[in-house]
Amino acid sequence: MLASLAAAGAAACSPPGEGGRATQDQVAPASVSTDIGEEPIELTLYDGAGLKAVDEALIEAFTAKHPNVTITTRFDPDDVQAQNAPRVLASDDPPDIARIIALGDIVGNGQLTKLDAWAQAYGWEIPEGQLAMYRVDDNGVRGAGAQYTVASGFVVTGLYYNKEIAERVGMGEPPTTIVELEEDLAAAKQAGVVPIMAGNQTGQLIFTVQMLLNDALGQQALNDWVFNAPGATIDTSEAADAVGTVANWVEAGYFPADTNGTDSTAALGRFARGEALFYPSGNWDAAALEEQMGDNVGFVLPPSSDGTSSLAMSDPVSNFAIPAKSDAKDAAAAFLDFLTSEEARQVMVDAGFAPSGEGDAPTTEPGSLNAEVQAAFADLVEADGQVQFVQNATSGINATWLAQTQLLAGGGRTSPADLLTAVQAKYDEELGR
Amino acid sequence: MTRLRHRNWQGWWFALPALLMYGVFVLRPLISTVQYSFYDWDGITPATWVGIDNYRRVLSDPALASSIWHAFFLIIFFTLAPVVGGLFVAALLQEIRIRGLATAARTALFLPQIIPGAAAAIAWVWMFSGNGAVNQVLSSIGLDGITRAWLGDFTWALPAVGVIGTWLGLGFCTILLISGIGKIDTAIYEAARLDGAGFLSTFRAVTLPGLRQEIGVCVTVTIIAALATFDIVFMSTQGGPGTSTMVPGVLVYQLGFTESRIGLASALAIVLTALILVVILPIQRFFRAA
């Protein structure tokens, strides 16, 4: 009895979370090297399980160039990895390379290494729009300040469309303006096809919502919001108009009636079976769709109101950082450097993702869906139109977006203004504003 | 006197391994949770003492009130339906006494009990989906009019989640009640039959009073399962659509693990624990006062 009480009491002595902080030199190393020598080096890479295949391909290509480096991998289910990363980084034996989702928070904890010294030593030239996703300033605001990460590659979102249905409803070319899109949606509805497939049990309506938000607010405003810039708000009348458009589409029956009871896997299957004209989603669905639909599926960037600007949600596949407590940072940095190389870019494209850095577009099979996705991504980077996902603005905001878009899809259960007020309230509450 | 005390202490040695486990895996986390609930802590960086602020926020959060209401609503499905259904099935099995059939029925009913709630929830998600088994059955009997994606319906998602709970709980209650009936002296049943009592009056006069304690256990365990439910809701709806199936257990998880607000999550967990105790203790007293 005493023993168990003692064991219980030991937990309650001091406030939790004391000790184990990284030192200044661990966060910002004074001297770095691009030479990783010939001695055997062991690295550990920590990522989400969904990326196992592509990570292993990258590692194979990297270790072929650096045979003295062995990289052991550690995977958790994707969402578990996102949640566990801060705790894994705080452990006594942290990984040397880790995917970081909540970048602002984890930098704030002092758990990552600043990469600026290596950036200078290697002479990294990263497109501005991509570099913004790697940076955090001293106040925890993302988009500016020191560089902490390099992406293995990017996801890219847009509209998949069913070519056979498109022809049937008289959609010649994919829409470039929102007016054209609305005509196509109406035509599809008229023809008795679901205009937009979305599995909103798992929150897919947000793709349509953000597509319109991107167009209404622009890249800067949305990225500022996701990067937690001071005073950033999404609760504006422009945003309400954009959400209002989606509300109108809900009312017009442009989404499946059971969207709130359909998950993303089911939605993918239903689109592949020819139930809908459009399916807003990302490159991650390309392989499955091509396998099931063959030539019958196309991919384009979302349309805009003026028909010229290209904006789409696109962020890192794995935003790789070097934990502050890693003991093999030069070798880890060599791996990050490798991510923007020709070889790595080809590995990512072969796996169906968009490549990191810039350069000649890697080769794809002509006429394949992957080639269409890569072409769309190249246009997007060229136009500097990569927008962050609004679900990633804070750790908990995704649950609020999910609940709110389900209310929206439920038809009249919330107003666009109330939806945005609820999201902004949660955002401010989490950030302590 | 000394011998008696000596003997008492010897007894404790047998309990020691269990106590140790209890201390490490039950008391320690409990005390830690109480401690964390007074801090603002992200789980990593040093925590700051905030006194009862977390409790103030938890109790003034409108999302919590509705999630608690949902948990109480689930008692209908997690407790009432399995206990009533279990009583009926157990009495029926006692009545028919055909060995093969009774064993088969017991096995079939108990099967859900050995399936983890999370796995059951996934299976039920498929069955409740737009073209799932539930709607197929409804269509086949001419009820096309009421088919829907049950878990995506603002009105029906919570009862649908409840049905999963009923399915999981029915076997547990039935088995417990059958074993309870087995303890009732068969002579009483015989006497009742000789007196001309039918199924219903035997059930009311013999079975029900004899099962008081077993019913007490069923009610207690299933009410705790309803109020503290997590896995079924988390795997089937994540609290949606909107917040129509949100329960306190999922809120605790979201606060603690998604948002890394350990203090707030701990405070909510303590409030939930207290709430369950407030509900359970009177029930325990009622069923014990035979």
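Residues numbered from 1 in each chain as written. Chains lettered and ligands numbered in written order. Predicted model: local features only at pLDDT ≥ 70, side-chain atom pairs only at ≥ 80, totals over all residues. Heavy atoms only, no water.

If you check an unreviewed UniProt entry, chain B appears there as Sugar ABC transporter permease from Nocardioides gansuensis. If you open the UniProt record of chain B and go to Subcellular location (unreviewed entry), you find "Cell membrane". (UniProt positions renumbered as here; feature names shortened; annotations may be inferred.)

> Quick rundown of the overall build of chain A? Include the residues and the values.
Within chain A one finds 19 helices and 15 strands. Expected size for 433 residues packed as a compact globule is a radius of gyration near 22 Å; at 23 Å, chain A falls within 12% of this value. Taken along the three principal axes of its C-alpha coordinates, chain A extends 65 × 55 × 45 Å. Here chain A holds 433 residues, and the buried ones make up 56% of them. Sequence-distant contacts, at least 24 apart, represent 77% of the contacts inside chain A between residues at least 6 apart. Split by element, the accessible area of chain A, about 17100 Å² in all, is 48% carbon and sulfur. For chain A, the distance from the average site of its 20 positive side-chain charges to the average site of its 61 negative ones is 7 Å. (Helix = DSSP H or I, 4+ residues; strand = E, 2+ residues; numbered from the N terminus. Rg over C-alpha atoms; globule rule 2.2 N^0.38 Å. Buried < 20%, exposed > 50% of the residue type's maximum accessible area, 1.4 Å probe, protein only. Contact = heavy atoms within 4.5 Å. Areas by Shrake-Rupley, 256 points an atom, 1.4 Å probe, with all protein chains shown as cover. Lys, Arg positive; Asp, Glu negative; His and termini not counted. Charge placed at Lys NZ, Arg CZ, Asp CG, Glu CD.)

> Tell me what's going on with the pairing of strand β8 (residues 157-162) of chain A, and back it up with residues and numbers.
Residues and elements named next belong to chain A. Taking burial as the measure, the six residues of β8 include six buried ones, the bulk of the element. Summarising the sheet, β8 and strand β10 (residues 276-282) pair through five bridges and their orientation is antiparallel. Paired with Y161 across the strands is F278, a residue of β10. Judged from the four bridges that link them, β8 and strand β11 (residues 297-300) form a sheet pairing that is antiparallel. Its bridge partner lying in β11, Y160 is registered against F299. (Pairing = 2+ DSSP bridges.)

> Lay out the sheet that holds β11(A) with the relevant residues and their values.
All names here are of chain A. With mixed pairing, four strands are arranged side by side in an open sheet as β9-β10-β8-β11. What marks the edges here is a single partner per strand, and that holds for β9 (194-196) and β11. Averaged over all pairs of adjacent strands, the angle between their axes in this sheet comes to 25°, without regard to strand direction. With respect to the sheet, helix α9 (residues 178-190) is in contact with β8, β9 and β10, its orientation differing from that of β10 by roughly 130°. (Axes fitted to C-alpha atoms, helices over the stretch in contact; angles between N-to-C directions.)

> Give me the interface of chain B and chain A: which residues, what numbers.
Between chain B and chain A, the residue contacts involve 36 residues of the former and 35 residues of the latter. Overall, the association of chain B and chain A removes approximately 3100 Å² of surface from exposure, summing both partners, and the carbon and sulfur fraction of that is 59%. Summed over the shared surface of chain B and chain A, the result is three salt bridges. For R57(B), the salt bridge identified is with E429(A), shortest N-O distance 2.5 Å. Connecting chain B to chain A are eight residue pairs in polar contact (both at pLDDT 80 or more). Those elements that provide at least two residues to the side of chain B that touches chain A are α1 (2-36) and α12 (248-258) of chain B. (Buried area = accessible area lost by both parts, 1.4 Å probe. Salt bridge = Lys/Arg side-chain N within 4 Å of Asp/Glu carboxyl O. Polar contact = N/O pair within 3.5 Å; in protein donor to acceptor, adjacent residues only side chain to side chain.)

> Residue-level account of the nonpolar core, with values.
By size, the foremost hydrophobic cluster in this structure holds 118 residues, and its most contacted members are W225(A), F335(A), L336(A) and W401(A). Summarising the domain contributions, this core has at least three residues from each of domain 1 (38-155 + 316-362) and domain 2 (157-313 + 385-430) of chain A. With residues near it in sequence (within four places) discarded, F335(A) still touches L45(A), L58(A), I59(A), F62(A), I71(A), I97(A) and F320(A). One finds V58(B), L93(B), L138(B) and I178(B) within the second-largest nonpolar core, a separate group that totals 63 residues. (Core = buried A, V, L, I, M, F, W, Y, C linked by side-chain atoms within 4.5 Å. Domains from an automatic or database assignment.)

> Give a description of the sheet that holds strand β13 (residues 319-321) of chain A that names residues and reports values.
All names here are of chain A. Pairing is mixed in the open sheet, where five strands are placed in the order β2-β1-β3-β13-β6. Both outer strands of the open sheet, β2 (69-76) and β6 (149-151), are each paired with one neighbouring strand and no more. Sheet twist, expressed as the mean angle between neighbouring strand axes with direction ignored, is 25°. In this structure, β6 lies alongside β13, joined through three bridges in antiparallel fashion. Pairing of A151 across the sheet is with N319, part of β13. Here helix α3 (residues 52-65) sits on the sheet in contact with β1 (41-48), β2 and β13, set at roughly 175° to β2. Against the sheet, helix α15 (residues 329-338) engages β1, β2, β3 (97-99), β6 and β13, with an angle of about 55° to β1.

> Give a detailed account of a nonpolar patch on the surface, specifying residues and quantitative values.
A surface patch of nonpolar side chains, about 500 Å² in accessible area, is lined by M21(B), Y22(B), V24(B), F25(B) and V26(B). With respect to the helices and strands, the residue F25(B) is situated in helix α1. (Patch = residues over 30% accessible without salt bridge, like charges linked within 9 Å, V, L, I, M, F, W, Y side chains within 5 Å.)

> Give a description of the packing of aromatic side chains that names residues and reports values.
For the structure shown, the criterion picks out 28 aromatic pairs over all chains. For the ring pair F271(A) and Y279(A), a centre distance of 5.4 Å and an interplane angle of 25° mean the geometry is stacked. Residues F271(A) and Y279(A) agree in their burial class; the two are buried. Ring centres of W69(B) and F73(B) lie 6.1 Å apart, and the angle between their planes is 55°; this geometry places the pair in the tilted category. (Phe/Tyr/Trp six-rings, centres within 6.5 Å; stacked < 30°, edge-to-face > 60°.)

> Could you give an account of the state of the cysteines, naming the residues involved and the relevant values?
Think of a disulfide as a covalent bridge from one cysteine sulfur atom to another cysteine sulfur atom. Applying the stated criterion across every chain yields a total of zero disulfides over all chains. Of all cysteine sulfurs, the one in C218(B) lies closest to C173(B), which takes part in no disulfide; the gap is 3.6 Å. (Disulfide = S-S within 2.5 Å.)

> Residues and numbers for helix α12 (residues 237-251) of chain A, please.
All names here are of chain A. Here α12 spans 20 Å end to end across 15 residues, near enough to the 21 Å set by a 1.5 Å rise per residue. For α12, the full list of buried residues reads A239, A240, A242, V243, G244, V246, W249 and V250. Contact partners of the buried residues in α12: α9, β9, α10 (205-217), α18 (397-409) and α19 (416-430). Looking one or two residues past α12, G253 carries a phi angle of roughly 75°, positive in sign. (Expected span 1.5 Å × (residues − 1).)

> An account of the UniProt feature "transmembrane region" (unreviewed entry) in chain B is requested, with residue identities and associated values reported.
All names here are of chain B. Sequence positions flagged by UniProt for "transmembrane region" (unreviewed entry) are, in local numbering, residues 12-31, 68-93, 114-134, 154-178, 215-236 and 262-283. Structurally, residues 114-134 is divided into 67% helix and 0% strand, and its ends, taken at the C-alpha atoms, are 22 Å apart. Secondary structure over residues 262-283 splits into 100% helix and 0% strand, and the C-alpha atoms at its two ends are 32 Å apart.

> Got a sec to walk through the pairing of β2(A)? Specific residues and values, please.
Pairing of β1(A) with β2(A), which is carried by eight bridges, proceeds in the parallel orientation. Across the sheet, L45(A) pairs through a bridge with T73(A), a residue of β2(A).

> Help me get a handle on the packing of helix α3 (residues 62-96) of chain B against helix α7 (residues 157-183) of chain B, residues and values and all.
Where α3(B) meets α7(B), the closest approach of the two axes is 6 Å, and the angle between their N-to-C directions is 40°. Here the hand of the crossing between α3(B) and α7(B) comes out right-handed. (Left-handed = near helix turned anticlockwise from the far one by under 90°.)

> Before we move on, can you summarise unusual backbone geometry with the specific residues and values?
Residue P241(B) is bonded to the preceding G240(B) through a cis peptide linkage, with omega at -5°. By the element assignment, P241(B) lies in the loop between α11 (231-236) and α12.

> Quick one: what's the story with the pattern of salt bridges, residue by residue and with numbers?
Taken as a whole and judged by the stated rule, the model has 16 salt bridges over all chains. A salt bridge links E128(A) to R135(A); the shortest N-O distance between them is 3.8 Å. Taking relative accessible area as the criterion, R135(A) reaches 22% and is therefore assigned partly exposed. For R261(B), the salt bridge is made with E429(A), and the minimal N-O distance between the two is 3.2 Å. Residue R261(B) is found in the loop between α12 and α13 (262-288), and its partner E429(A) is found in helix α19; the two belong to separate chains. A relative accessible area of 15% means that R261(B) is categorised as buried. When salt bridges with common partners are traced through the structure, they connect K426(A), E429(A), R57(B), E259(B) and R261(B) into a single cluster.

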